[in-house]
Structures are given as structure tokens and as C-alpha cells.
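The primary structure of each chain is shown beneath.
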Amino acid sequence: MEQVLKVCWMYHDIMDLYGDKGNIMTLKKRCLDRHIGFDLHTCGIGQKDDLSNYDLIFLGGGADKEQISLIPDLLQRKENIQKAMDEHTFILLICGGYQLFGQYYIAADGKKIAGLGFYPYYTDTGKMGSRCIGNIVIDAQLDEMHTKIIGFENHGGQTLGVTKPLGKVLSGCGNAFDAGFEGFYDGKVLGTYLHGPLLPKNPDVADFVIYKALKKRNPDLQLKDLSPLTNPYDQAAREVLLTRMHIEDDN
Ligand SMILES: NC(=O)CC[C@H](N)C(=O)O
């Protein structure tokens, strides 16, 4: 295997809600099926590592308690994460992880958790006791790739001030109850509330993530250079959900 994708799954032991681990499994399968090596590392609280060595950093979702517990460790890594971003490490963030790249997160008990502050967005827990829960479909633009992304959301946090949303909500809540938009994407970081997990149901997004990450060490790589893979189960999973939500799949 000549090409290898170097991945760091941050806080793997505490940030893994609603099947987030499935994202790692999907990336691994889709790399190995293409004879691309998959070099997976984990980085927990207190573990020393240079995150800029990786092609991809993944951080999943978590309950408020877990988010609070990792914050001192995460904030200490701010400079190193900035270095990773500057050196084109691609970053995939789900839900709680996505919230922590913004200014702050006000948890359900009112406690304010400082975020890394890379982006102007911030997250407040809106209507007390109510959460955005259920299946969700968004219409997204990822560089040149236009797609419908499906998933499951479960968050109390209401994220506001998102300057570059990932997509327009077709069904579900998204960044907040009436936001109309979901997630964040600026070419370097993809943050989304979509659990479920995200990537098995959206193989085109999985390939997009692989492509963006491989680009760190292969700047000329194009999305179309990844050999096509077909798996009837991916498509069947999409169809079931989209049919239930009365949305046409144009992928
Ligand atoms: N699913 C999650 O990652 C939850 C994030 C956060 N604890 C919230 O409820 O908004």
C-alpha cells in the first residue's frame, strides 16, 4: 500500500455518541477497499501528541459532562490544532465536537464552557428542556460537490452566528430550532450535528473527507481520482430514510 491516511480520533473514549464510531469504521473500509492504508491513532485527555502530523482529525459528540471534562485538555491544544489547520490537516467534528470549535457552549445547567474560539459561532441551550431530536436531511455544498446529507440529530445546544453553514435544512432542525441551516464548512473544517452515524449513510461525504485529508500530502489530488466504490447497502439505507421523509434522492 503506497498511500496511507493518518487519522487521529480525539477523545475516542468519551466523545462517541449515537454511533459516531461508525464514521471511523466507514473511513477505514472505504480506504482499505481502495488499497489506501488506514493508520488510526487515538488521543485522550493528557496524552501527548502532535496533531499536525495527521491528515485527518476526528472529534465526535458527547454529553455535557464529557464536554466539560475534556475542555482544559482541549484548550491546551489550541496552538497545535491551529498548526494542524494551517498545515492542511482536515477536521471532522460531530455535534459536541463542533460546538467546542466555536466561542462557547452554555450547557443545559447554565454552565458556560469556553470553546477553542476558532470561529465566531456560539452555542446556547435555548428553550429549557427541549432538544432538537430526530432524523434530518440537508442540502449541502462541499466545494464542487452538491449533495443531500442524511443523519440523526440530538442536541440541546442551539448554535448561532454560523457564517458558513454546511447546508440548508430540508427536514429536521439543524443548528438551532428555527435556524434553517445546518453545520459549518469552510474548506478546512466540517462541523455538523449529524450523528447516526454520518458517514455510512453518506458515502459521498465519506469519500469527500478521505479526499480532503489525503490532499494534505497530495495537493494535486482531485475527488474524481478516488476509484468509485459501490455498496448496495449504502443506497438502501439512504432510500429508506429519504422515502420516509418524502425527499427525493438525487445523489
Ligand atoms: N449529541 C451531542 O453531541 C450533544 C452535545 C451537547 N451536549 C448538546 O446537548 O447540545
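Residues numbered from 1 in each chain as written. Predicted model: local features only at pLDDT ≥ 70, side-chain atom pairs only at ≥ 80, totals over all residues. Heavy atoms only, no water.

## Side note on the environment of isoleucine 68
Here's step 1: Assignment of secondary structure puts isoleucine 68 in helix α2 (residues 64-76).
Here's step 2: Owing to a relative accessible area of 27%, isoleucine 68 belongs among the partly exposed residues under this scheme. (Helix = DSSP H or I, 4+ residues; strand = E, 2+ residues; numbered from the N terminus. Buried < 20%, exposed > 50% of the residue type's maximum accessible area, 1.4 Å probe, protein only.)

## Things to note about the layout of surface pockets
Here's step 1: The volume enclosed by the largest pocket comes to roughly 280 Å³.
Here's step 2: Along its surface, the largest pocket is lined by 17 residues, and Arg30, Pro203, Asp204, Asp207 and Leu229 are the ones closest to its centre.
Here's step 3: Only α6 (203-214) and α7 (232-244) provide two or more residues apiece to the lining of the largest pocket.
Here's step 4: Ranked by residue count, the leading element in the lining of the largest pocket is α7, at four residues.
Here's step 5: Grouping the amino acids of the lining of the largest pocket by side-chain chemistry returns six nonpolar, four polar and seven charged. (1 Å grid on protein atoms, 1.4 Å probe; cavity = no way out; pocket = protein on both sides within 12 Å on 5 of 7 lines; lining within 4 Å. Points joined across faces, edges and corners; volume = space filled by probe spheres on them. Nonpolar A, V, L, I, M, F, W, Y, C, P; charged D, E, K, R; others polar.)

## What about the sheet that holds strand β2 (residues 37-43)?
Here's step 1: Pairing in this open sheet of six strands is mixed, and the strands run β2-β1-β3-β4-β14-β13 from one edge to the other. Lying at the two open borders of the sheet, with one neighbouring strand each, are β2 and β13 (184-185).
Here's step 2: With two bridges joining them, β13 and strand β14 (residues 189-192) adopt antiparallel strand pairing. Within β14, the residue paired with tyrosine 185 across the bridge is leucine 190.
Here's step 3: Contacts from helix α1 (residues 21-32) reach β1 (4-10), β2, β3 (56-59) and β4 (90-94) within the one sheet, and its direction differs from that of β2 by about 155 degrees. (Pairing = 2+ DSSP bridges. Contact = heavy atoms within 4.5 Å. Axes fitted to C-alpha atoms, helices over the stretch in contact; angles between N-to-C directions.)

## Here's the deal with α7
Here's step 1: Across its 13 residues, α7 extends 19 Å between first and last C-alpha, which sits within 8% of the 18 Å expected from 1.5 Å per residue.
Here's step 2: The N-cap of α7, judged by a side-chain oxygen 2.9 Å from the amide nitrogen of tyrosine 233 a few residues on, is asparagine 231.
Here's step 3: In the stretch just after α7, histidine 246 is the one whose phi turns positive, near 55 degrees. (Expected span 1.5 Å × (residues − 1). Polar contact = N/O pair within 3.5 Å; in protein donor to acceptor, adjacent residues only side chain to side chain.)

## Focus on the UniProt feature "active site" (unreviewed entry) in the protein
Here's step 1: UniProt feature "active site" (unreviewed entry): in the numbering of this structure it lies at Cys95 and His195. For the annotated residues, spread through 101 residues, the largest C-alpha to C-alpha distance comes to 7.4 Å, consistent with a single compact locus.
Here's step 2: Its place among the elements puts cysteine 95 in the loop between β4 and α4 (96-99).
Here's step 3: When neighbours within four sequence positions are excluded, cysteine 95 is seen to be in contact with Gly61, Asn154, His155, Thr192, Tyr193 and His195.
Here's step 4: Looking at where histidine 195 falls in the secondary structure, it is placed in the loop between β14 and α5 (198-201).
Here's step 5: On the accessibility criterion, histidine 195 (0% relative accessible area) is buried.
Here's step 6: In contact with histidine 195, not counting residues within four places along its chain, are Leu17, Tyr18, Asp20, Gly61, Ile94, Cys95, Gly151, Phe152 and Asn154.
Here's step 7: A polar side-chain atom of histidine 195 sits 3.2 Å from the main-chain carbonyl oxygen of leucine 17. (UniProt positions renumbered as here; feature names shortened; annotations may be inferred.)

## Observations regarding the sheet that holds strand β8 (residues 132-142)
Picture the strands of a sheet paired through backbone hydrogen bonds; they go either parallel or antiparallel.
Here's step 1: If you walk across this open sheet you meet the four strands as β9-β8-β11-β12, and the pairing is antiparallel. Taken across any chain shown, the strands that pair with only one partner, and hence form the sheet edges, are β9 (145-155) and β12 (181-182).
Here's step 2: The strands touched by α7 within the sheet are β8 and β9, with β9 carrying the most contacts at an inclination of about 70 degrees.

## Observations concerning the pattern of salt bridges
Here's step 1: All chains considered together, the criterion is met by nine salt bridges.
Here's step 2: The partner of aspartate 55 in a salt bridge is arginine 217, and the shortest N-O contact between them spans 2.5 Å. Taken together, the residues span a long stretch of sequence, with aspartate 55 in the loop between β2 and β3 and arginine 217 in the loop between α6 and α7 at a distance of 162 residues.
Here's step 3: Aspartate 55 gets classed as buried once you look at its relative accessible area, which sits at 1%.
Here's step 4: Its salt-bridge partner being lysine 212, residue aspartate 143 comes within 2.8 Å of it at the nearest N-O pair. Here aspartate 143, found in the loop between β8 and β9, pairs with lysine 212, found in helix α6; they are 69 residues apart in sequence, far enough to count as distant.
Here's step 5: Using a relative accessible area of 13% as the deciding quantity, one classes lysine 212 as buried.
Here's step 6: Put simply, Arg30, Arg34, Asp207 and Asp234 are held in one network by salt bridges that share partners. (Salt bridge = Lys/Arg side-chain N within 4 Å of Asp/Glu carboxyl O.)

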